[in-house]
Amino acid sequence: MKKKLKIVSLMLVVMMFSIIFAGCNSSTSGSSKVSVGIVLPTKDEPRWVQDEQRFKDALKGTKYTTEILFSQGSSAKEKENVETLINKGIKVLIICPQDGDAAASAVEAAKKEGITVISYDRLITNTDAVDYYVTFDSLAVGAAQAQYLVDNAKGTGEPLYLYAGAASDNNAFLFFQGAWKVLQPKIADGTFKIANSSEAVALKDTADLSRDQLSKIIGQVTTNWDANEAKNKAQTHLTAVAADMKGDVAVLAPNDGTARSIADVFASDSAIKSFVVTGQDAEKASIQYIIDSKQSMTVFKDVRTLVKDAMGMAVTILDGKKPETTGSYNNGKIDVKAKQTDVITVNKENVQKELIDSDYYKASDFTGL
Ligand code: BGC
């Protein structure tokens, strides 16, 4: 009898410990309960590995349990990840979709279980199963890239090469739309001449492009967010164009990963005298490129803020309260309440101030600062 009691009390102690432990853990694996599930698109791009790290930093010391899963560029894997997290009992799902439309069915499954869905950085489109959206000002990202090209234009008739992100990503439309608004008047007045998109040439007098018109241009100049595809496209374009599309040129590259590979192609063409090339994300490799004058600028999106906003929202929801928002985005089906963060243009002149002095990166991560 005594022995039985001892075993029972030992079991109770073990159970208590595991409950306390699960409650303190900030990132868990295995079959323990998870309160916030986080799904990111791919580990193959530094941007999302960076987000993972920033989430881990922000989660240190929180009482809520979280788990981060990657979809590796596959909507099927993404759905599987969401199902895994549903089975672990999550109350809030923070998800950056691989493909905005395709993610709808995954979040609809979560919604059915009463889970609150937060779209992270990229909007999940054409479904009513999204509760909140945390994002950077993506129109401003495109506008900042374009403004840099305008500010650094050389004379008139400068060849302009346009590149865009993946059509499956709503952000690619916002970036391009934001850029076009600034570039179009400068194309119309002859400052730039478009080198690599017949669709963009056909629309050069249209200031505000419809989604369909944007689709047409993006269809021609998409990189699919893939550095290799960007490189191949740039090579094809430089082979195809006539001599008057070389010399001093401007290049709208949608993000840092594609910017570096496009820049390498332009740098290796002896008929290109100089080029200005944009980017975004402030990836470490691109910061080094900027220091080395191989990439002209990047748009710094402080991921610490986005993570803080997303986790802040999740915790507010777990506490049974309503999160604050600053506006809304239409996702094709509903207006999704959104919290938006500003962005900063970074080039060689302010890289120290914006990225090192702000403790985003360490000076020792770079050479020649
Ligand atoms: C993000 C960018 C990123 C791109 C490619 C976009 O949705 O906003 O920061 O570079 O996807 O992953």
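Everything discussed here concerns the structure shown above.
Below is a short write-up of the structure. Note that the structure is a prediction, hence the values are computed from the model and not measured. (Residues numbered from 1 in each chain as written. Predicted model: local features only at pLDDT ≥ 70, side-chain atom pairs only at ≥ 80, totals over all residues. Heavy atoms only, no water.)

Comments concerning the pattern of salt bridges
In plain terms, the rule: Here, a salt bridge means any Lys or Arg side-chain nitrogen found within 4 Å of an Asp or Glu carboxyl oxygen. Strands here are runs of E lasting at least two residues and helices are runs of H or I lasting at least four, both read from the DSSP assignment and numbered beginning at the N terminus. Note on classification: 1.4 Å probe, protein chains only; a residue is buried when its accessible area is under 20% of the maximum for its type, exposed when over 50%, partly exposed between these limits.
Summed over the entire model, instances satisfying the criterion amount to 21 salt bridges. A salt bridge links D51 to R47; the nearest nitrogen and oxygen atoms lie 2.8 Å apart. Taken together, the positions of D51 and R47, both in helix α2 (residues 46-59) and 4 residues apart, correspond to about one turn of that helix. Each member of the pair, D51 as well as R47, carries the same accessibility label: buried. The partner of D302 in a salt bridge is R304, with the nearest N and O atoms 2.9 Å apart. By relative accessible area, D302 is classed as buried at 15%. A single salt-bridge network, built from bridges that share partners, covers K43, E52 and K56.

Things to note about the environment of L238
The cut-off we apply is this: Note on definitions: a residue-residue contact is assigned when non-hydrogen atoms from the two residues lie within 4.5 Å.
By the secondary structure assignment, L238 is in helix α9 (residues 227-240). When residues no more than four places from it in sequence are discounted, the contact partners of L238 are Y161, K246, V265, F266, D269 and I272.

Here we look at the sheet that holds strand β11 (residues 327-330)
The strands making up a sheet are joined through hydrogen bonds of the backbone, oriented either antiparallel or parallel. So the rule is basically this: Any two strands are treated as partners once DSSP identifies two or more bridges connecting them. An axis is simply a line fitted to the C-alpha atoms; with a helix, the fit covers only the stretch in contact. Between two such axes, the angle follows the N-to-C directions and lies from 0 to 180 degrees.
Pairing is mixed in the open sheet, where 7 strands are placed in the order β2-β1-β3-β4-β5-β12-β11. Looking along the sheet, the strands with just one partner apiece sit at the ends: β2 (66-70) and β11. In this sheet, neighbouring strand axes are inclined to one another by 25° on average, regardless of whether the strands run parallel or antiparallel. Sheet topology places strand β1 (residues 36-40) next to β2; 5 bridges connect them, and they run parallel.

Details of the site of the ligand
Stated formally: When at least one non-hydrogen atom of a residue lies within 4 Å of a molecule or strand, that residue is treated as near it. Two N or O atoms count as a polar contact when they lie within 3.5 Å, although within protein this holds only if one can serve as hydrogen donor and the other as acceptor, and sequence-adjacent residues are included solely when both atoms are side-chain atoms. Residue exposure ignores everything except the shown protein chains as possible cover, and the areas themselves are Shrake-Rupley values with a 1.4 Å probe. Both cavities and pockets are sets of points on a 1 Å grid over the protein atoms alone; in a cavity a 1.4 Å probe fits but cannot get out, in a pocket the set is open with protein on both sides within 12 Å along at least five of seven lines, and lining residues sit with an atom within 4 Å of a point. In this scheme, a molecule is assigned to a cavity or pocket if more than half of its atoms are within 2 Å of the grid points. Each residue gets one label: Ala, Val, Leu, Ile, Met, Phe, Trp, Tyr, Cys and Pro are nonpolar, Asp, Glu, Lys and Arg are charged, and the others, such as Gly, are polar. For each domain, the first and last residues come from an automatic or database assignment.
Taken together, the neighbourhood of the ligand is formed by 13 residues, with E45, R47, D121, D169 and D281 sitting nearest. Taking R47, its side chain carries an N or O atom lying 2.7 Å from an oxygen atom of the ligand. Compared with its free state, where it exposes 310 Å², the ligand has 100% of that area covered by protein. Using a 2 Å cut-off from the grid points, one finds that the ligand occupies the largest cavity. Sorting the residues of the shell around the ligand by element identifies α2 and α6 (170-188) as the ones contributing at least two each. The residue inventory of the shell around the ligand, partitioned by class, reads 3 nonpolar, 3 polar and 7 charged. Residue contributions to the shell around the ligand reach at least three from each of two domains, namely domain 1 (33-130 + 303-341) and domain 2 (138-301 + 346-365).

Some thoughts on the sheet that holds strand β9 (residues 272-277)
The strand order β7-β6-β8-β9 describes an open sheet built from 4 strands, whose pairing is parallel. Each edge of the sheet is formed by a strand with only one pairing partner; in this case those strands are β7 (192-194) and β9. Within the sheet, the average angular offset between the axes of one strand and its neighbour, ignoring direction, is 35°. Here strand β6 (residues 158-162) runs beside β7; their pairing, made up of 3 bridges, is parallel. Looking at β7, one finds that L160 is bridged to I194.

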